[in-house]
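Remarks on the overall topology
Residues per chain are reported as follows:
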Amino acid sequence: MNDSAALHQRTVFAEDLEIGQVIPLGSYSVTEEEIVEFATQWDPQWFHIDKEAAGSGVFGGLIASGLHTLSICQKLVVASLYDQWNVIAGKSMRDVSFLRPLRPGDTLSGKVTVDNVVFDNRARGLVTITAKLVDADGNRVLDVVTDAYLHCRPTRGQ
């Protein structure tokens with residue numbers, strides 16, 4: 001087992017999850033420098049990378065790329081859930097809603113709700129979750145639905 005795997009004890013299997021279960025996420029604060037750096041690499045639109053121009057734009061200042069906001073959500077979900085869950089792989093993301101801009105200095109937090117768990121004959125479950133992120137004032141920033149496959153608990157003889 002490598003050092004990274006040793007740090008993360010994956011003790012949650014598909015059948016351990018309950019529909020309706022709500023799991024809090026940690027928090028993450030975003031800086032202006034990070035917004036510009038991410039956008040310069042992945043979404044170089046002027047309102048993400050040019051502070052002066054963004055100041056006179058419709059948002060009245062720099063805002064993070066929606067892809068950046070989604071990446072922060074993924075980071076929080078991994079740290080709060082997937083590091084303990086026996087994840088095989090993600091299957092899909094859908095119903096992504098960017099509900100308000102993410103700005104420099106904002107802190108995101110939120111929760112995940114387990115929407116569904118469907119088992120198949122390959123000893124795995126397809127888990128559907130909805131993640132909702134809010135800013136420090138409780139304003140909704142992002143909603144996203146994700147499906148991921150998780151291992152089922154091993155049975156004797158496996």
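Residues numbered from 1 in each chain as written. Predicted model: local features only at pLDDT ≥ 70, side-chain atom pairs only at ≥ 80, totals over all residues. Heavy atoms only, no water.

**Digging into the packing of aromatic side chains**
The tally for this structure, following the rule as stated, stands at 3 aromatic pairs. Each ring, one from W46 and one from F47, has its centre 5.3 Å from the other, and the planes form 85°; the classification is edge-to-face. You can call F47 buried: its relative accessible area is 18%. Lying over the aromatic face of Y149, R124 brings its terminal NZ or CZ to 3.9 Å of the ring centre. (Phe/Tyr/Trp six-rings, centres within 6.5 Å; stacked < 30°, edge-to-face > 60°. Buried < 20%, exposed > 50% of the residue type's maximum accessible area, 1.4 Å probe, protein only. Lys NZ or Arg CZ within 6 Å of the ring centre and 35° of its normal.)

**Re the UniProt feature "domain: MaoC-like" (unreviewed entry) in the protein**
Residues annotated by UniProt as "domain: MaoC-like" (unreviewed entry) correspond here to residues 27-118. Annotated as 40% helix and 28% strand, the span residues 27-118 places its first and last C-alpha atoms 29 Å apart. (UniProt positions renumbered as here; feature names shortened; annotations may be inferred. Helix = DSSP H or I, 4+ residues; strand = E, 2+ residues; numbered from the N terminus.)

**Describing a nonpolar patch on the surface**
On the surface, a nonpolar cluster with roughly 260 Å² of combined accessible area is contributed by M93, V96 and F98. The topology assignment puts M93 in strand β3 (residues 87-98). Look at M93 and you get partly exposed, because its relative accessible area is 40%. (Patch = residues over 30% accessible without salt bridge, like charges linked within 9 Å, V, L, I, M, F, W, Y side chains within 5 Å. Areas by Shrake-Rupley, 256 points an atom, 1.4 Å probe, with all protein chains shown as cover. Salt bridge = Lys/Arg side-chain N within 4 Å of Asp/Glu carboxyl O.)

**Examining the side chain of D43**
Inspection of the secondary structure puts D43 in the loop between α2 (32-42) and α3 (46-49). In this structure D43 is buried but unpaired, with R103 as the nearest side chain of opposite charge at 15 Å. Sequence-distant contacts of D43, defined by excluding residues within four places in its chain, comprise F38, H48 and S65. (Lys, Arg positive; Asp, Glu negative; His and termini not counted. Contact = heavy atoms within 4.5 Å.)

**A word on the side chain of D135**
Within the element layout of this structure, D135 appears in the loop between β5 (124-134) and β6 (140-151). Within polar-contact distance, the side chain of D135 engages the backbone nitrogen of D137 at 3.0 Å. Apart from the residues within four sequence positions on either side, D135 is in contact with R100, T107, L108 and V141. (Polar contact = N/O pair within 3.5 Å; in protein donor to acceptor, adjacent residues only side chain to side chain.)

**Concerning the nonpolar core**
Counting residues in hydrophobic clusters, the biggest one holds 31 residues, and the most contacted among them are L17, V77, L81, W85, V114, V127 and I129. Elements with a minimum of two residues in this core: α5 (66-82), β4 (107-119), β5 and β6. Per-element tally for this core: the top contributor is α5, with 7 residues. (Core = buried A, V, L, I, M, F, W, Y, C linked by side-chain atoms within 4.5 Å.)

**Considering the packing of α2 against α5**
Running from amino to carboxyl end, α2 crosses α5 at an angle of 110°, the nearest separation of the two axes being 9 Å. When the interaxial angle is binned, α2 and α5 end up roughly perpendicular. For the pair α2 and α5, the sense of crossing is right-handed. Where α2 approaches α5, its residues E34, I35 and F38 are matched on the opposing element by L67, H68 and S71. Per-class residue counts for the contact of α2 with α5 are 3 nonpolar, 2 polar and 1 charged. (Axes fitted to C-alpha atoms, helices over the stretch in contact; angles between N-to-C directions. Parallel < 35°, antiparallel > 145°, perpendicular 65-115°, else oblique. Left-handed = near helix turned anticlockwise from the far one by under 90°. Nonpolar A, V, L, I, M, F, W, Y, C, P; charged D, E, K, R; others polar.)

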